[in-house]
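# Notes for the structure review
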Amino acid sequence: MRVAPVLFLAALLAAAATAACRAAPRYRRYEVRGDSMLPGLRSGDWVLVDLRAYALAAPRPGHIVVARDPRDPHLTLVKRVSGLDLHGNTELRGDNAPASTDSRRFGTVSPDQIVGRVRWRYWPLARTGRVG
Amino acid sequence: MNLLNRLLRPSHFASAHCDGPCGVYDPASARIAAEAVLSMEKKIAALGEGMDTPTVNTRTRFIGIKESQADLAKRDLNILWTDYFKPEHLEKYPNLSDTFWKAAKLCSKNKTEQDPANGEALLAAVEEIHNIFWATKGRDVAFYRANP
């Protein structure tokens, strides 16, 4: 029974965050797929991504971001920022490095390929909370 | 709950990506082949020493299956060793290559000999690899046998 308020809060948060500003939503819900961000993000986790996180500021090392794969714009990746070069290109790395295809393979990612910053995991309930 | 699920379910996917032809690896395939080897060794032993034609034919058949399954186990183990495991894994499990090498040797031993003890040894090696494999994925997957 105690789960109900949390559930409600999570629903409210996710719905409000995505629906409140319908014109230009600030947050978008993503489902994580794959094992390259273990142990932090698991395949099947639902997260909220702040699409405006980098409107004014550049990504910083340690941030978990959603970015387009520079080799294939239809593929959207979730990785952690491991570095930044002079031109503002980010270097991405999976937390589960042995099982990750990232900047070691495809090089740095330009700012326009960064979709946003992962801020919250809202599902599963047992592991809701801030991310990155 | 259904409505809630629909409300919360993301419409976008973010891939925690890893390249690979399919990325599906599981020591289970090697375990099944190793179990088939052991099963054939037990059947060969149970068949006895008979030299009549039907017994010889059955023994020949059992040996053929044992050979091909041992070969399959070796192949499946090699795929894990060469495709799934990365240098980073070796750092964490320094005896990994030795474990695979010994397991591959056991596959060969199971081909040339008929002793069920070799099949048991191969299954023990596969279990060791199973444990390391799932540990690298951060998952606790119990090892089991189809034929206990």
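Just so we're clear, the structure is a prediction, and the values are computed from it rather than from any experiment.

### Thoughts on helix α5 (residues 96-112) of chain B
Residue and element names in this part refer to chain B. A rise of 1.5 Å per residue sets the reference length of α5, with its 17 residues, at 24 Å; its end C-alpha atoms lie 25 Å apart and thus fit the reference within 8%. Buried residues of α5: Leu96, Thr99, Phe100, Ala103, Ala104, Leu106, Cys107 and Asn110, and no others. The buried residues of α5 all sit within an arc of 155° when viewed along its axis, so they share a single face. Where α5 is buried, its residues meet α2 (28-47), α3 (53-84), α4 (87-92) and α6 (116-136).

### Side note on the environment of Gly107(A)
Note that Gly107(A) resides in the loop between α2 (103-106) and β6 (114-123). For the pair Gly107(A) and Leu92(A), spaced 15 residues apart in the sequence, the C-alpha separation amounts to 8.3 Å.

### Some details on α2(B)
Residue and element names in this part refer to chain B. For α2, with 20 residues, the first-to-last C-alpha span of 28 Å sits near the 28 Å given by 1.5 Å per residue. Buried within α2 are the following residues: Ala30, Arg31, Ala33, Ala34, Glu35, Val37, Leu38, Met40, Glu41 and Ile44. Its buried side turned inward, α2 meets α3, α5 and α6. Where α2 terminates, the next one or two residues include glycine 48, which has phi positive at roughly 80°.

### A look at the side chain of Asn96(A)
Its location among the elements puts Asn96(A) in the loop between β5 (90-93) and α2. Classification of Asn96(A) by relative accessible area gives buried; the value is 11%. Polar contacts involving the side chain of Asn96(A) include one to the main-chain carbonyl oxygen of Asp35(A), which spans 3.0 Å. Setting aside chain neighbours within four positions, we find Asn96(A) in contact with Asp35(A), Ser36(A), Met37(A), Leu38(A) and Thr136(B).

### Observations regarding the nonpolar core
Leu77(B), Phe85(B), Phe100(B), Leu122(B) and Val126(B) are the most contacted members of the largest nonpolar core, which has 24 residues in total. Only α2, α3, α5 and α6 of chain B provide two or more residues apiece to this core. With 8 residues, the single largest contributor to this core is α6(B). Apart from residues no more than four positions distant in its own chain, Phe100(B) is found in contact with Leu77(B), Leu80(B), Trp81(B), Phe85(B) and Ile129(B). Counting residues in each nonpolar core, the second largest holds 14 residues, with Leu41(A), Val66(A), Val115(A) and Val118(A) among its members.

### Examining the interface of chain B and chain A
Many structure descriptions define interface size as the accessible area lost when the parts assemble. Chain B puts 21 residues into the contact, and the matching count from chain A is 33 residues. Summing the contributions of chain B and of chain A, the shared interface buries around 2400 Å²; its carbon and sulfur component is 60%. It is Leu8(B), Phe13(B) and Ala16(B) in chain B that bury the most area against chain A; as a group they hold 26% of the surface buried on that side. Here chain B and chain A share 3 salt bridges between them. Glu88(B) is the partner of Arg104(A) in a salt bridge, and the nearest nitrogen-oxygen pair spans 3.3 Å. At the boundary of chain B with chain A, the tally comes to 12 residue pairs in polar contact (both at pLDDT 80 or more). Residue assignment for the side of chain B that touches chain A shows that the elements contributing at least two residues are α1 (2-8), β1 (12-15) and α4 of chain B. Residue composition of the side of chain B that touches chain A, grouped by class: 9 nonpolar, 7 polar and 5 charged. Bridging between strand β1 (residues 27-33) of chain A and β1(B) involves 4 bridges; their strand directions are parallel.

### Let's talk about the side chain of Ser103(A)
By secondary structure assignment, the location of Ser103(A) is in helix α2. Other than its neighbours up to four places away in sequence, Ser103(A) contacts Thr90(A), Glu91(A), Leu92(A) and Thr108(A).

### Focus on the layout of surface pockets
Residue and element names in this part refer to chain B. For the second largest pocket, the calculated volume is near 290 Å³. Elements that contribute at least two residues to the lining of the second largest pocket include exactly α4 and α6. In terms of residues, the lining of the second largest pocket owes the most to one element, α4, which gives 3 residues. Tallied by class, residues from the lining of the second largest pocket come to 6 nonpolar, 4 polar and 6 charged.

### Side note on the pairing of strand β3 (residues 64-69) of chain A
All names here are of chain A. In terms of residue burial, β3 counts as a mostly covered element, since 5 of its 6 residues are buried. Here β3 pairs with strand β4 (residues 72-84) via 6 bridges, running antiparallel. Bridged to aspartate 69 within β4 is aspartate 72. Joining the antiparallel neighbours β3 and β4 is a turn of 2 residues. Strand direction decides the pairing type here: β3 and β6, joined by 3 bridges, are antiparallel. Residue valine 65 lies in a different strand from β6, and its bridge partner there is arginine 117.

Thresholds applied
- Once a new chain begins, its residue numbering starts again from 1 and follows that chain's sequence as written.
- Chain A is the first chain written and ligand 1 is the first ligand written, with later ones labelled in order.
- This being a predicted model, a pLDDT of at least 70 is required before a residue's local features are given, and a value of 80 or more before pairs of side-chain atoms are given or counted; all residues contribute to the totals for chains, interfaces and linings.
- No hydrogens and no water enter the side-chain calculation; it runs on all heavy atoms of the structure.
- Runs of E in the DSSP output that reach at least two residues are strands. Runs of H or I that reach at least four are helices, and both are numbered from the N terminus.
- Take the number of residues in a helix, subtract one, and multiply by 1.5 Å to get its expected span.
- Remark: exposure states derive from per-residue accessible area (1.4 Å probe, protein chains only) relative to the maximum for the residue type, with buried under 20%, exposed over 50%, and partly exposed in between.
- An arc is given here, and it is the one of the directions from the helix axis to the C-beta atoms.
- Here, two residues are considered to be in contact whenever any of their heavy atoms come within 4.5 Å of each other.
- Polar contact is the term for a pair of N or O atoms within 3.5 Å; when the atoms are in protein, one must be able to donate a hydrogen and the other to accept it, and sequence-neighboring residues count only if both atoms are side-chain atoms.
- To qualify as a nonpolar core, a set must consist of buried Ala, Val, Leu, Ile, Met, Phe, Trp, Tyr and Cys residues joined through side-chain atoms within 4.5 Å.
- The quantity reported as buried area is the accessible area (1.4 Å probe) lost by two parts once they are put together, taken as the sum for both.
- Each salt bridge in this description consists of a side-chain nitrogen of Lys or Arg and a carboxyl oxygen of Asp or Glu lying within 4 Å of one another.
- Amino acids outside the nonpolar list (Ala, Val, Leu, Ile, Met, Phe, Trp, Tyr, Cys, Pro) and the charged list (Asp, Glu, Lys, Arg) are all regarded as polar, and Gly is one of them.
- Should DSSP find at least two bridges between two strands, the strands are taken to pair.
- Definitions used for this entry: grid spacing 1 Å over protein atoms alone; cavity, a set of points where a 1.4 Å probe fits but cannot get out; pocket, an open set with protein on both sides within 12 Å along at least 5 of 7 lines; lining residue, one with an atom within 4 Å of a point.
- Grid points are joined across faces, edges and corners, and a volume is the space filled by probe spheres set on the points.

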